[in-house]
Amino acid sequence: MDNPAFAALNGPHARFAERRGRVVRYPLDVSPWLGLPDAPEADDWADLAALAGPGEEVPLAGAGLVLPAEWELTFDMEGVQMVDAGVAAAPDAEAVRLGAPDVPEMLDLVARTQPGPFLPRTVELGTYLGIRRGGALVAMAGERLRPPGWTEISAVCTDPAHRGEGLASRLVLAVAEGIRARGETPFLHTSARNTTAIRLYESLGFRLRRSTRFLKARVPAG
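I will try to describe carefully the structure that is included in this document.

Calculation rules
Residues numbered from 1 in each chain as written. Predicted model: local features only at pLDDT ≥ 70, side-chain atom pairs only at ≥ 80, totals over all residues. Heavy atoms only, no water. Helix = DSSP H or I, 4+ residues; strand = E, 2+ residues; numbered from the N terminus. Buried < 20%, exposed > 50% of the residue type's maximum accessible area, 1.4 Å probe, protein only. Contact = heavy atoms within 4.5 Å. Areas by Shrake-Rupley, 256 points an atom, 1.4 Å probe, with all protein chains shown as cover. Lys, Arg positive; Asp, Glu negative; His and termini not counted. Charge placed at Lys NZ, Arg CZ, Asp CG, Glu CD. Axes fitted to C-alpha atoms, helices over the stretch in contact; angles between N-to-C directions. Parallel < 35°, antiparallel > 145°, perpendicular 65-115°, else oblique. Left-handed = near helix turned anticlockwise from the far one by under 90°. Nonpolar A, V, L, I, M, F, W, Y, C, P; charged D, E, K, R; others polar. Arc of directions from axis to C-beta. Pairing = 2+ DSSP bridges. Core = buried A, V, L, I, M, F, W, Y, C linked by side-chain atoms within 4.5 Å. Expected span 1.5 Å × (residues − 1). Salt bridge = Lys/Arg side-chain N within 4 Å of Asp/Glu carboxyl O.

This part takes up the overall build of the protein chain. Scanning the protein chain from terminus to terminus reveals 5 helices and 11 strands. For the C-alpha atoms alone, the extent of the protein chain along its principal axes is close to 55 × 35 × 30 Å. Residues classed as buried in the protein chain amount to 50% of the 222 residues present. Considering only contacts within the protein chain whose residues lie at least 6 apart along the sequence, 72% involve residues at least 24 apart. For the protein chain, the computed accessible surface area is about 10200 Å², with 51% contributed by carbon and sulfur atoms. In the protein chain, 24 positive and 28 negative side-chain charges are present, and the distance between their average locations comes to 3 Å.

This next bit is on the packing of helix α4 (residues 167-181) against helix α5 (residues 195-204). At a minimum axis separation of 11 Å, α4 and α5 run at an interaxial angle of 50°. Taken together, the axes of α4 and α5 lie oblique to each other. Handedness of the α4/α5 crossing: right-handed. Here Ser169, Val172 and Leu173 of α4 come into contact with α5, specifically with Leu200, Tyr201 and Leu204. Partitioned by chemical class, the residues of the contact of α4 with α5 number 5 nonpolar, 1 polar and no charged.

Further remarks concern α5. All of the buried residues along α5 are Ala197, Ile198, Tyr201 and Leu204. Each buried residue of α5 lies within a common arc of 125° when the element is viewed along its axis, so the set occupies one face. Residues of α5 that are exposed and angled more than 90 degrees away from the buried face: Thr196, Arg199 and Ser203.

The subject of this paragraph is the sheet that holds strand β11 (residues 206-218). Hydrogen bonds between backbone groups are what pair the strands of a sheet, and the pairing can be parallel or antiparallel. The strand order across the open sheet built from 8 strands is β4-β11-β5-β10-β9-β8-β7-β6, with neighbouring strands paired in mixed fashion. Strands with a single pairing partner mark the edges of an open sheet, and in this sheet they are β4 (57-61) and β6 (96-98). Across the sheet, the mean angle separating the axes of adjacent strands is 30° when strand polarity is ignored. As defined by bridge partners, strand β5 (residues 72-84) adjoins β11 across 12 bridges and the pair is classed as antiparallel. Across the sheet, the residue bridging to Leu73 is Ala217, located in β11. Helix α3 (residues 103-113) contacts β6, β7 (128-133), β8 (136-143) and β9 (150-158) of the sheet and is inclined by roughly 90° relative to β8.

Quick look at the nonpolar core now. Grouped together as the largest cluster of nonpolar side chains are 26 residues, with contacts concentrated most on Met82, Ile153, Val156, Leu171, Val172, Tyr201 and Phe206. Mapped onto this core, the elements with two or more residues apiece are β5, β7, β8, β9, α4 and α5. In terms of residue count, the dominant contributor to this core is α4 (9 residues). Excluding its chain neighbours within four sequence positions, the residues that come into contact with Phe206 are Met82, Val83, Asp84, Ala85, Val87, Ile153, Val172, Pro186, Phe187, Leu188 and Tyr201.

Turning to the sheet that holds strand β2 (residues 23-25), a few remarks are in order. Read across the sheet, 3 strands follow the order β1-β2-β3 without closing on themselves; strand pairing throughout is antiparallel. The open sheet has two edge strands with one neighbour each: β1 (18-20) and β3 (34-35). Packing of helix α2 (residues 42-52) onto the sheet brings it into contact with β1, β2 and β3, and relative to β2 it is tilted by some 35°.

Looking now at the side chain of Asn3. Here Asn3 is to be found in the segment before α1 (4-9). Residue class for Asn3 comes out buried when judged on its relative accessible area of 18%. If near-sequence neighbours (up to four positions away) are discounted, Asn3 is found in contact with Leu36, Pro37 and Asp38.

Our focus in this paragraph is α4. Its 15 residues place the ends of α4 21 Å apart at the C-alpha level, agreeing with the 21 Å of an ideal helix rising 1.5 Å per residue. Looking only at α4, the buried set comprises Leu167, Ala168, Ser169, Leu171, Val172, Leu173, Ala174, Val175, Ala176 and Ile179. Here the buried face of α4 lies against β7, β8, β9, β10 (185-191), α5 and β11. Positive backbone phi, at 80°, marks Gly183, one or two positions downstream of α4.

Taken as a whole, this structure holds 23 salt bridges when the rule is applied. Across the pair Asp47 and Arg20 runs a salt bridge whose closest N-O atoms are separated by 3.5 Å. Here Asp47, found in helix α2, pairs with Arg20, found in strand β1; they are 27 residues apart in sequence, far enough to count as distant. Assessed through its relative accessible area of 42%, Arg20 is described here as partly exposed.

None of this, on its own, says anything about what the molecule does.
Have a look at this one:
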């Protein structure tokens, strides 16, 4: 859980893994997450540079991660990881399973609400549920990283016209119910500055497990 993308890509999500040495990443149209081993060495950074390409910007995560001197830090955000501590998981009669035919609507909702990265093939990572009103997709949530024994809830978002109706909470609980049914434990990430989301997740039964950092760094041009 301290290195969830690395654990997922070497575990339940190994079928998605693109590898070079010990470095793993999801295909770029699935997820921006990539995994470095704990305490990466010079060879690991070299493999990441070769995998990404010179001058490319790559997302990184983890408290205490130290970049090599020649790598340029381009983004740094404090985040939190929260885990199930008694979530009242339950199915929702209005929630519908979303799949490939729904991706254009899902991408549109994400573009308007900015819950975090969601790409054309992200839906392949797990179960995504949505709520429709008048035929239109107005809220969704789903599964992303899957380190062994855990599943991350992600892409939680609601159309601005339908906020305040409790749709996001209902979908989080419904996704959590599916995760629990597999014998796994739900968890999630959010910005440490997003106090509104943190309070919501705490009210649903999540607790803070650890602080982390979400970074982006530029591969050396040479």
